[in-house]
Amino acid sequence: MNSADLNPAGINLVACVKWAELRPEIDPLHGSVEASQRSSGFSSSDFAAVESALRLAQAWSDQGQVCVVTVLCAGPEDAEDSLRDFFAVGATRVVRVDLAEQRSSAQVAELLASALVPSQLNAQFVICGDVSSDRGSGSVPAYLAHHLGMQQALGLIGLESTDPGSLHATRRLDGGRRERLLLTAAAVISVEGSVATLRRSSLAATLAAKQKTVELRKQQIDWPTEVNRLRPWRPRARVLAPPAGDDALSRILELTGAQSGSTAARTLRLDPEQAAEAVLEQLAAWGYLDDSPPA
Amino acid sequence: MSTDSYPEISFETRMSSVEFRVHERAHITVDSKICADCSTRGCITACPANLFVSTADGGILFNYELCFECGTCYMVCNEEGAISWSYPEGGHGVVFHSS
Amino acid sequence: MTDFDVIVVGAGPAGAAAALEAARAGRSVCLLERGPYPGSKNMYGGVVYGRVLDSLIPNWWEEAPIQRWVTRRSTMLMTGDQAVTVDYRCSSWGEAPYNGATAFRPEFDAWLASKAEAAGAVLICSTTATGLLRDGTRVVGVRTDRPDGDLTAQVVICCDGVNSFLAKEAGLYPPSDPANYTLGVKETILLPREVIDERFAVRGDHGVDIEILGCTGEVPGGGFLYTNAESLAVGLVLSLPKLAACGRRPEEILAELKAHSAIAPLIEGGQVKEYSAHVIPEAGYKMMPELIGDGILVAGDAAAMCLAAGIWLEGVNFAIGSGAAAGQAAARAVQRRDTSSAGLQDYRRRLDSNFVMSDHRKLREAPHLVMSDLAQQQLPRIACGVMEQLFTVTNPDPKPGLRKIIRGQMKLNNLKLRDAISQGMKALRTFG
Ligand SMILES: Cc1cc2nc3c(=O)[nH]c(=O)nc-3n(C[C@H](O)[C@H](O)[C@H](O)COP(=O)(O)OP(=O)(O)OC[C@H]3O[C@@H](n4cnc5c(N)ncnc54)[C@H](O)[C@@H]3O)c2cc1C
Ligand code: SF4
Ligand code: SF4
C-alpha cells in the first residue's frame, strides 16, 4: 500500500461488514444449508455501520478534517460485486481480506485486525454492525478492540458527531434507561440496524463504481487445527408407537416400563470378535440397526 | 388418492415461502372511498397474494408488503382511480429464487 | 452526446438478448433492471426452448443453468375425476442440440444477462426506470428512481415485461383490455430426484412437460406440471376478467388441480418451496402494440410477444428472438445515425423474416380458440366421456360402437355436429 493513502493527518474511518447468508435455504431433503451468491449479502446493521461512517466523515469534513472512509470485509470472492457497490455510496476504499470459509468470531477479528493496524489501514474509528444476520454473537467488535487496543462501545442505538474526532453515542441499558458516551479516537463501535439506513447511490456514482476495484489482501494466519468435540456415537432416535392405556398414569407406566420386569443384566466373557457380534445382535434385536421405521 | 394425503398448506405458509424485501414506501395504494362504490370487487378474488380485504364499512383494506408486483389488481379494477400502482423502489419488493 | 448509445430497460430474456446483440455490434449499452439481480422478479411455467439461442451463444447447452431436458411431453384433458392424456416421448430431445429444458428464471436470466455483460454491456440492477425522457415526440432516454437518475441514449429498448409502463407512456399501446391477459400462479414443490425419476418414468437429466386443459373450472385457462432436477412446478394460467368474476381464488383452483386423481400421486409428499405469480399477455398478435417509435423499440412480453395458446406456452424464446432483433436493429440505426422511427424499421423487417412474427401471425386466432367454451369445457368432457364409455366393460350388454359413443357424448355436452365441424375447420386453419 501507498503510504500516502494512510491519511496520517486526518481521520480514518473503517466500516467492517460481513458477507452472510441472509436467507439460508435449508434443503428439506438433505437438511444441508445451501449458500448462494444471490441469497447472500450484508445485514441492515452492517449497512448502518457504513452509513454512520459516511455521515461522521461528512460532518467532520465540513469542519475541516480530512476523512477517509474504508469498507473492510473478510469474505469470499462472491462478495466482490456487492462490495463494489460501497464505492457508489461514497466509500473511498473497499478492501477485502480473503476468507473463503466460515471462521470463529475470534479468528475473523484477528484477520480484520491485521488489516486495521496503523501500518495498514491505520483506523481511528472502526464501526461494525452489532450482530451479523447469520446468528452472529456480536463479539467480533469486542475482539477487534482487544486486538487493536482501542476503547469500545458496542450495540449503539444512536450516534452524533460533535467536534472533529469525537462523537456522542447512545447505548441502551436495562430498565429503559439510556447511557450517553463521549467517544474519541481510537475506538471500536458497533451499531444497531436502526441507527441509519444506507443512502441510495446516485446513478452516475453507481455507473462509476462498476469501474472501481476492490483491494484484495491475502493474509496468511496459521490457525491452530480445530478439533471438533468428540463424543460417543449414539444410535439415532427411533419412532415408537404411542403408549397404550386409558389414563395418563397407565400410559406413563407403559412408556417408562416402570412396573414391567426389566431384562436382567448379563455379563458375557467373549473374544473381541464374538463380543462385537453379540453387541450387534443385541442392537439389532432392539431395532437400532434397522433404518426402516418399525411396523 | 385423496386430498388427505396431500394436506393443503395455509395461505400464510404459502406466502412465507416467498422473499419480500419490503421498502418503507407503499408502491400501491388503494383509495377506499372509491372502492365503496364498487360492486364487482374483482381485486379480492384475483389478487394472488390476497392483499385486498373488505372492511365493514364497505371499503377496502390493502397492505402492500407481500405483493408479487404482477399487475392483476389494476387490470381487473372496475373503478377509475381506485388503485395507484407503481413498482417498488429498485432492489426492493418480491425476490424469486426457484421459479 | 448521450450517456450511452442504447439503453435496454429490463434484464429479462428479451433485454439480455437485446443488450448482448447491441454490445456485440460495438455499441455502448446500459442494461437496467429493477430487481436486485436479473431474474429476481421473474417467474414462468418452466420450459425454455433453446433453438433461438443457437445463433447467439454457440453450444449454449453446455453452460446454461438448466434443470432437466424435456424428453416427454404430455397433453392432458381432464374433468373433475377423469383424465385423457396424449403422451409423446422423444429421446433425441435429450441429446444436443436438445429441444426444451426446464430452468429457474432467477438462474437462467442471470446467466443470459452475464453474457450481455461479458460482451460489454453495463448491467445496473436495483434501478427502476420510472419514465421516458423526451424531446418532442422523440424518446431520448429514461428517468430512473436513483438520485440524479436521468440517463440518455439514442435508442431505448423497452424489454420491461408485460406491464410495460414505458411502452404505454410512449403511446405505443391502445388502452389495455384485461381480457387480453391471464394470471399465472405456480408452486415449486420439492421432491427427491429419485422420486421424480420413478413417478415420471425418466432418468438422469431427462424430464417431463405436462400441459393440462379442463382443470380451471369455470375460468378459462389451463394448467401445467413440469419436472425440475429436484422439484416440480405445478401451476395454472387463468383468464383475468373471468377469475375476478368467479368468486374463487387462484390458490383454491390450484389446490383442486393438485388434488385431482391424475395429479395428486405425482406430487404427493412434496414441500412447497416457493409460490409465485405473474401476468401473461395472452392474446398475442392481436394485442401487440406499435413496436417502433422515434428512438424507441419494444420487445418481448412488453410487446405481447408471448405465445400462450393452450398446448403452447412459449414466451422466453420469443423474448430472446425479438430482443436480439431489437438489439441488432438499434445498433444499425445508431451506426447510420438515424434512430428515428424510419431508421429503426429494420427491427420490423427482422421480426417479419424470422419465427417471431410468422408464428404469431399464423397462430393469431389460437388464443381465442383455446379460451373458447369448446376447448375449455366441451372438449375435455367429451374426450373423457368417450374414453370412459369405450373402455368400461358392460357385459352382458354388448359394446357400443365408437361412432354412437361420440355422438352420444356430443349430445350430452350440447355440441352440435355442425359447430364441431366448423370449429374443427377453424382449428385446422389456425394451427395448420
Ligand atoms: C405462469 C407463466 C408460465 C409461463 N410459462 C412459460 C414457459 O413454460 N415457457 C416459456 O418460454 N415462457 C413461458 N412464459 C412466458 C415467459 O415468462 C415470458 O414470455 C418471458 O419472460 C418474457 O420475457 P421478457 O424479457 O419480455 O419479460 P420479463 O421476463 O417479464 O422481463 C422483464 C424484466 O424487466 C424488468 N423491469 C420491468 N419494468 C422495469 C422498469 N421499469 N425498470 C427496470 N426494470 C424493469 C423486470 O424486473 C424483468 O426482469 C410463462 C409466463 C407465465 C407468467
Ligand atoms: S376492484 Fe378496484 S374499485 Fe373495486 S374494490 Fe377492488 S380496488 Fe376497489
Ligand atoms: S400487483 Fe398482484 S400481488 Fe400485488 S396487489 Fe396487485 S394483484 Fe396483488
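Refer to the structure printed above.
Our subject in this report is the structure included herewith.

Reading the values: rules and limits
- Residues numbered from 1 in each chain as written.
- Chains lettered and ligands numbered in written order.
- Predicted model: local features only at pLDDT ≥ 70, side-chain atom pairs only at ≥ 80, totals over all residues.
- Heavy atoms only, no water.
- Helix = DSSP H or I, 4+ residues; strand = E, 2+ residues; numbered from the N terminus.
- Rg over C-alpha atoms; globule rule 2.2 N^0.38 Å.
- Contact = heavy atoms within 4.5 Å.
- Areas by Shrake-Rupley, 256 points an atom, 1.4 Å probe, with all protein chains shown as cover.
- Lys, Arg positive; Asp, Glu negative; His and termini not counted.
- Charge placed at Lys NZ, Arg CZ, Asp CG, Glu CD.
- Buried < 20%, exposed > 50% of the residue type's maximum accessible area, 1.4 Å probe, protein only.
- Pairing = 2+ DSSP bridges.
- Salt bridge = Lys/Arg side-chain N within 4 Å of Asp/Glu carboxyl O.
- Polar contact = N/O pair within 3.5 Å; in protein donor to acceptor, adjacent residues only side chain to side chain.
- Nonpolar A, V, L, I, M, F, W, Y, C, P; charged D, E, K, R; others polar.
- Near = heavy atom within 4 Å.
- Buried area = accessible area lost by both parts, 1.4 Å probe.

## Overview of the overall build of chain C
Here comes step 1: In terms of regular secondary structure, chain C is built from 14 helices and 19 strands.
Here comes step 2: In terms of C-alpha radius of gyration, chain C reaches 23 Å, essentially the compact-globule figure of 22 Å for 432 residues.
Here comes step 3: A sequence separation of at least 24 residues applies to 72% of the contacts in chain C between residues at least 6 apart.
Here comes step 4: Here chain C displays about 16500 Å² of accessible surface, and carbon together with sulfur accounts for 52% of that area.
Here comes step 5: Of the side-chain charges in chain C, 45 are positive and 48 negative, and the distance between the mean point of each set is 7 Å.

## Details of the pairing of strand S8 (residues 125-129) of chain A
Residue and element names in this part refer to chain A.
Here comes step 1: Most of S8 is tucked away, with 5 of its 5 residues classed as buried.
Here comes step 2: Side chains Phe125, Ile127 and Gly129 project from S8 onto one buried face, and the interleaved Val126 and Cys128 project onto a second face that is buried too.
Here comes step 3: As paired elements, strand S1 (residues 11-17) and S8 share 4 bridges and run parallel to each other. When the sheet's bridge partners are listed, Ala15 is paired in S8 with Ile127.

## Notes on the interface of chain C and chain B
Here comes step 1: Counting residues at the interface gives 53 residues for chain C and 42 residues for chain B.
Here comes step 2: A salt bridge links Glu69 of chain B to Lys41 of chain C; the shortest N-O distance between them is 3.1 Å.
Here comes step 3: For the interface between chain C and chain B, the tally reads 27 residue pairs in polar contact (both at pLDDT 80 or more).
Here comes step 4: Among the secondary structure elements, those contributing two or more residues to the side of chain C that touches chain B are helix H2 (105-118), helix H3 (165-169), strand S11 (181-190), helix H5 (240-246), helix H6 (250-259), helix H7 (264-267) and strand S15 (271-281) of chain C.
Here comes step 5: When its residues are assigned to classes, the side of chain C that touches chain B shows 25 nonpolar, 13 polar and 15 charged.

## Overview of the site of ligand 3
Here comes step 1: By nearness alone, 15 residues border ligand 3, and Cys47, Cys67, Phe68, Cys70 and Cys73 of chain B come closest of all.
Here comes step 2: Taken together, the residues that form the shell around ligand 3 break down as 12 nonpolar, 2 polar and 1 charged.

## Let's talk about the interface of chain A and chain B
Here comes step 1: Taken together, the contact between chain A and chain B spans 5 residues of the former and 8 residues of the latter.
Here comes step 2: Roughly 550 Å² is buried in total at the junction of chain A and chain B, and carbon and sulfur atoms are behind 36% of that figure.
Here comes step 3: Three residues stand out in chain A for area buried against chain B, namely Arg23, Arg38 and Arg200 of chain A, and they jointly supply 77% of the buried area on that side.
Here comes step 4: For the pair chain A and chain B, the number of links is 1 salt bridge.
Here comes step 5: In this structure, the salt-bridge partner of Arg200 of chain A is Glu89 of chain B, at a minimum N-O distance of 3.0 Å.
Here comes step 6: Viewed at the interface, chain B and chain A are joined by 1 residue pair in polar contact (both at pLDDT 80 or more).
Here comes step 7: Per-class residue counts for the side of chain A that touches chain B are no nonpolar, 1 polar and 4 charged.

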